[in-house]
Amino acid sequence: MDPKLINDCVHCGFCLPTCPTYALWGEEMDSPRGRIHLMKQHVEGTPITPEMAGHFDACLGCMACVTACPSGVQYNLLIEQTRAAVEREHEREPRERAVREVVFSLFPYPRRLRLLRPAMWLAGRMAPFLGRVHPSLGAMAALAPRVEQRQRLPRLVRARGERRAVVGMLTGCVQGEFFPQVNAATARVLAMEGCDVVIPPGQGCCGALSVHSGRQDQARRLASRTIRVFERAGVDTVVVNAAGCGSSMKEYGELLGSRPSFRVMDLSEYLAELGPVAKRHPLPLTVAYHDACHLAHAQGIRAQPRELLNGIPELELREIPESAICCGSAGTYNLLQPQAAGDLGDRKAEAVATTGAELLVSANPGCTMQIASAMRRAGAEIRVAHTAEVLDASLRGVTL
């Protein structure tokens, strides 16, 4: 933990109302400034106790505090450094270690996730039983989406009409295996906007899930492989359609000590910069747009998705109350902290329901699963889609 970063915090309290766990419990040590106080204690010689580790584990890493902080505290770097210290120095209980090993031996590896696909339709029925075995297993089953048929993407999707750019596209792990239709829609939208889309083989997890949980060695291995794959592909821009992945890839310099030769851009960020050329067909829908934390707070991308959605004729965009508060997904948080995640999911589902929208749009697979699961619990199911899917339907003139 960097003492200079810790000392940037003046404990003013502007972060408190933005912090999801402080909003839930009103506990100072479960606020950003409280956790920074604990970090300072550790730097000054206090060992990481189970109580300290619990407060650090309870943080979602949503970065809402970074947006709110008037002093520019880099809490994103602090919490990642702290989690790495917790993983090195804190001895977890055997059951907790076992669950974490299951999560991090499974989710960053697409081929292993693929083995789950045939049983996904059973997951909802199995959730109560698995929850009795361990709450994290029950949460994993309850979150399982209805997986569409796997779609194989070619290595190159040619631009429609005049070629305006050449970009690489990250397929990801959870996105690629559980939401293949989002990747297919992303490639089509980019192509219809005049991009050659390079989709190199050998991709996997970008390292986001690992780095956000303090597993730095695993994160570095996965990040290095991702860089090699795209540098071999020869692209100067990689477009990412998952908020958490894009956030981590933009911070490869901090993780690895050097930046890759390509720039990383979120899909909405890239399309807004490129500018539209393809015709938008009407989509008569009411849409609630959810700000994924690693898009809005970590990357500062809020206006671009709304600009793209507002550019679709007959689409009505509705804002979700408390949009800056995390839905509780936060990478693997909803698996490792299922009670707090469930409470935040219920709060977000209630806020979404007040919009009366027909469709919920999100730019992160974890958020999509989390909010859809919470809406099902509340008996108020809502259709969910990625920004790319909405744009794809409008550009092709099909219903969504």
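Structure's up top.
Starting afresh in each chain, residues are numbered from 1 along the sequence in its written order. Since the coordinates come from a predicted model, pLDDT governs what is reported: local features require at least 70, and pairs of side-chain atoms require 80 or more to be given and counted, while whole-chain, interface and lining totals use all residues. The side-chain figures draw on all heavy atoms in the structure; neither hydrogens nor water molecules are used.

Engineer: I would appreciate a short explanation of the pattern of salt bridges in the present structure.
Structural biologist: Note on pairing: side chains with opposite charge can pair once their charged atoms come close. Each salt bridge in this description consists of a side-chain nitrogen of Lys or Arg and a carboxyl oxygen of Asp or Glu lying within 4 Å of one another. Tallying each qualifying case throughout the model produces 25 salt bridges. Salt-bridge contacts for Asp 30 lead to Arg 35; the nearest nitrogen and oxygen are separated by 3.3 Å. The salt bridge partner of Glu 322 is Arg 347, with a shortest N-O separation of 2.8 Å. In this pair, Glu 322 is assigned in the loop between strand 7 (315-319) and helix 20 (333-336) and Arg 347 in helix 21 (residues 338-355), connecting sequence segments 25 residues apart. Residues joined in a network through salt bridges with shared partners are Asp 57, Glu 87, Arg 92, Glu 96 and Arg 100. Each helix is a run of DSSP H or I of at least 4 residues and each strand a run of E of at least 2, with the numbering of both proceeding from the N terminus.

Engineer: Sorry if this is basic, but what is going on with the packing of aromatic side chains here?
Structural biologist: Any aromatic ring pair is given by two values, namely how distant the centres are and how the planes are angled relative to each other. Pairing of aromatic rings covers Phe, Tyr and the six-membered ring of Trp, with a centre-to-centre limit of 6.5 Å; geometry is then stacked below 30 degrees between planes, edge-to-face above 60, and tilted otherwise. As enumerated under the stated definition, the model contains 1 aromatic pair in all. Cation placement over rings: the criterion is NZ of Lys or CZ of Arg within 6 Å of the ring centroid and within 35° of the ring normal. The residue whose ring lies beneath Arg 112 is Tyr 109, and the NZ or CZ to ring-centre distance is 4.1 Å.

Engineer: Just checking my understanding: could you explain empty space enclosed by the protein for this structure?
Structural biologist: To find leftover empty space, one rolls a probe the size of a water molecule over the atoms. Here a cavity is any set of points on a 1 Å grid over the protein atoms alone where a 1.4 Å probe fits but cannot get out, and a pocket is any open set with protein on both sides within 12 Å along at least 5 of 7 lines; a residue lines the site when it has an atom within 4 Å of a point. Grid points are joined across faces, edges and corners, and a volume is the space filled by probe spheres set on the points. Evaluated as defined, the whole model comprises 6 cavities of 30 Å³ or more. Lining the largest cavity are 21 residues, with Cys 59, Arg 83, His 212, Ser 213 and Thr 332 positioned closest to its centre. Secondary structure elements with two or more residues in the lining of the largest cavity: helix 6 (75-89) and helix 20. When residues of the lining of the largest cavity are assigned to their parent elements, the largest contribution, 4 residues, is made by helix 6. In this structure, the second largest cavity occupies an estimated 140 Å³ of space.

Engineer: I'm lost on the sheet that holds strand 9 (residues 383-386) in this one. Help?
Structural biologist: Hydrogen bonding along the main chain pairs the strands of a sheet, whether they run parallel or antiparallel. Pairing is parallel in the open sheet, where 4 strands are placed in the order 7-6-8-9. The strands lining the two open edges of the sheet, one partner per strand, are strand 7 and strand 9. The average undirected angle you get between the axes of adjacent strands in this sheet is 35°. Following DSSP output, two strands are said to pair if at least two bridges run between them. The sheet contact formed by strand 8 (residues 359-362) and strand 9 spans 4 bridges and is parallel. Whenever a helix is involved, its axis is fitted only over the stretch in contact; in every case the axis is a line through C-alpha atoms, and angles between N-to-C directions fall within 0 to 180 degrees.

Engineer: Just checking my understanding: could you explain the nonpolar core for this structure?
Structural biologist: Soluble globular proteins tend to bury their nonpolar side chains together. With 54 residues, the main nonpolar core has Leu 190, Val 197, Tyr 270 and Val 390 as its most contacted residues. Pairs of residues are marked as contacts when any of their non-hydrogen atoms sit within 4.5 Å. Those residues in contact with Val 197 that sit more than four places away from it in its chain are Arg 155, Leu 156, Val 157, Val 167, Met 169, Ala 187, Leu 190 and Ala 191. Among buried residues, the Ala, Val, Leu, Ile, Met, Phe, Trp, Tyr and Cys ones that are joined through side-chain atoms within 4.5 Å form a nonpolar core. For every residue, the accessible area obtained with a 1.4 Å probe (protein chains only) is divided by the maximum for its type, and the residue is called buried under 20%, exposed over 50%, and partly exposed between those limits. Of all hydrophobic cores here, the second largest spans 23 residues; its members include Leu 16, Met 39, Cys 65 and Leu 77.

Engineer: It is not clear to me how helix 7 (residues 94-106) should be interpreted in this structure. Could you clarify?
Structural biologist: In an α-helix, one turn spans 3.6 residues, which is why side chains three or four residues apart end up on the same side. For helix 7, spanning 13 residues, the distance from its first C-alpha to its last is 18 Å, which sits close to the expected 18 Å at 1.5 Å a residue. Along helix 7, the residues that are buried comprise Val 99, Arg 100, Val 103, Phe 104 and Leu 106. Multiplying one less than the number of residues by 1.5 Å gives the expected span of a helix.

Engineer: Looking at this structure, how should I read the side chain of Thr 355?
Structural biologist: With respect to the secondary-structure elements, Thr 355 resides in helix 21. In this view, Thr 355 contacts Ala 288, Arg 318, Glu 319, Ile 320 and Pro 321; residues no more than four positions away in its chain are not counted.

Engineer: Would you take a moment to explain the environment of Cys 9 for this structure?
Structural biologist: The residue Cys 9 is located in the loop between helix 1 (3-7) and helix 2 (20-25) in this model. Considering only alpha carbons, one finds Cys 9 and Ile 36, 27 residues apart in sequence, at a separation of 7.7 Å. Dropping the residues within four chain positions of it, Cys 9 is found in contact with Arg 33, Ile 36 and Val 73.

Engineer: What should I look at first to understand unusual backbone geometry in this one?
Structural biologist: One can expect most non-glycine residues to show negative phi and most peptide bonds to be in trans. For Glu 322, which is not glycine, the phi torsion reads 50° and is therefore positive. The class for Glu 322 is partly exposed, based on a relative accessible area of 41%. With a phi close to 50°, Ala 330 is a non-glycine residue in the positive phi region. Positionally, Ala 330 belongs in the loop between strand 7 and helix 20.

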